[in-house]
Amino acid sequence: MEQRSIAFIGAGNMARSIIAGLIASGYDAKKITATAPSETRLAPLQHDFGINTDSDNLRAAQQADVVVLAVKPQLMADVCLPLQAVDFSNKLVISIAAGINSARLATMLDSQLHLVRVMPNTPALIGKGMSGLYADSTLAPQDHQFASDLLQAVGEICWVKQEADINGIIAAAGSAPAYFFLFMEAIQQQAMAQGFDEQTARLLVQQTALGAAEMVQANPETDLATLRQQVTSKGGTTAEAINTFNHHHLTEIVAKAMQAAVARAQEMEQLF
Ligand SMILES: NC(=O)C1=CN([C@@H]2O[C@H](COP(=O)(O)OP(=O)(O)OC[C@H]3O[C@@H](n4cnc5c(N)ncnc54)[C@H](O)[C@@H]3O)[C@@H](O)[C@H]2O)C=CC1
Ligand SMILES: O=C(O)[C@@H]1CCC=N1
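Residues numbered from 1 in each chain as written. Chains lettered and ligands numbered in written order. Predicted model: local features only at pLDDT ≥ 70, side-chain atom pairs only at ≥ 80, totals over all residues. Heavy atoms only, no water.

- The protein has the name Pyrroline-5-carboxylate reductase in an unreviewed UniProt entry, where Photobacterium aquimaris is given as its organism.
- Of the protein, the UniProt comment under Subcellular location (unreviewed entry) reads exactly: "Cytoplasm". (UniProt positions renumbered as here; feature names shortened; annotations may be inferred.)

1. Looking at the packing of aromatic side chains
Then, in step 1: Scanning the entire structure with this criterion turns up one aromatic pair.
Then, in step 2: Aromatic pair F183 and F245: ring centres 5.8 Å apart, planes at 40°, arrangement tilted. One end of the pair, F183, is in helix α8 (residues 176-193); the other, F245, is in helix α11 (residues 237-247), with 62 residues separating them in the sequence. (Phe/Tyr/Trp six-rings, centres within 6.5 Å; stacked < 30°, edge-to-face > 60°. Helix = DSSP H or I, 4+ residues; strand = E, 2+ residues; numbered from the N terminus.)

2. Some details on the site of ligand 1
Then, in step 1: The immediate surroundings of ligand 1 are formed by 22 residues, with N13, M14, N57, V71 and A98 found nearest.
Then, in step 2: With respect to ligand 1, the backbone of G12 contributes an N or O atom lying 3.2 Å from an oxygen atom.
Then, in step 3: In the environment of ligand 1, an oxygen atom lies 3.3 Å from a nitrogen or oxygen atom belonging to the side chain of R41.
Then, in step 4: Protein chains bury 80% of the 820 Å² of accessible surface belonging to ligand 1 in isolation. (Near = heavy atom within 4 Å. Polar contact = N/O pair within 3.5 Å; in protein donor to acceptor, adjacent residues only side chain to side chain. Areas by Shrake-Rupley, 256 points an atom, 1.4 Å probe, with all protein chains shown as cover.)

3. As for the environment of K72
Then, in step 1: Along the chain, K72 falls in the loop between β4 (66-69) and α4 (73-83).
Then, in step 2: For K72 and A97, which are 25 residues apart along the polypeptide, the C-alpha to C-alpha distance reads 6.7 Å.

4. Topic: the packing of α8 against helix α9 (residues 198-218)
Then, in step 1: It is at 9 Å that the axes of α8 and α9 come closest, and there the two elements cross at 140°. It follows from the interaxial angle that α8 and α9 lie oblique. Crossing handedness for the pair α8 and α9: right-handed. Here α8 contributes M184, I187, Q188, A191 and M192 to the contact with α9, which in turn contributes E198, A201, R202, V205 and A209.
Then, in step 2: Of the residues in the contact of α8 with α9, the class split is seven nonpolar, one polar and two charged. (Axes fitted to C-alpha atoms, helices over the stretch in contact; angles between N-to-C directions. Parallel < 35°, antiparallel > 145°, perpendicular 65-115°, else oblique. Left-handed = near helix turned anticlockwise from the far one by under 90°. Contact = heavy atoms within 4.5 Å. Nonpolar A, V, L, I, M, F, W, Y, C, P; charged D, E, K, R; others polar.)

Structure (structure tokens):
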């Protein structure tokens, strides 16, 4: 892919995940700069990936071809204010923040932007990310391509046609690793309650989750319900477990949780 210089403004969990994935995919470390106010965040990035770091957001943004906004949404306005001094006319801006829309970002940076909103997730760290992307029709094809290549370097991508759909990506992918971790935590806890030590309980859940996910991936023609039914022998143990989930309305709980994630993103759009 094209090797543009990239400044990550904010060097937290998500920026680290993308940077790790980019480096693993062969992106030139010297073309990447990450910023944060404290050395505690920056030193490990420099050490682990050989990228440049800077505590000066303005300098990093001015020197970059691509500026990735990767701070918490509640900090975004404060972080963008000094960046209003940057000439964005020849830069691509990528925001990974939840709950801050394009119009708001343009106001925060007081510029017309070449902007892509991206909703990634942390498995980008191991090249297994899932990112949703949105840009309006004014984005140049080469910027569209660069954003695609960047996120494809760390996983799968999906462009959405309407900006509001980014909130759906948050619910289904951005936040979703945490749902699976929660589910795995619950299985691990119960396996321990049933007598397994912590390490064995973890092995049981992680290998099963991996196997299930890989079966889904390896059988694109088979729908998820069929894969479930193949495990569920009539009158057997799985049927009892699934009946218990259904009795307690698991599907409705998941729907409510995803709707709550979307509602929070919409609320954040008003707040920040
Ligand atoms: N963590 C996740 O799974 C995902 C996060 N996001 C988005 O990514 C963004 C960052 O989230 P996380 O990485 O989880 O947060 P984080 O708290 O781990 O990272 C934020 C980073 O910003 C840095 N920072 C604070 N003030 C700064 C300043 N003035 N200038 C430069 N850097 C500053 C902090 O040092 C920290 O390293 C958020 O907007 C979030 O909505 C999007 C998708 C998934
Ligand atoms: O929890 C959050 O707000 C961010 C966005 C998606 C994942 N983490």
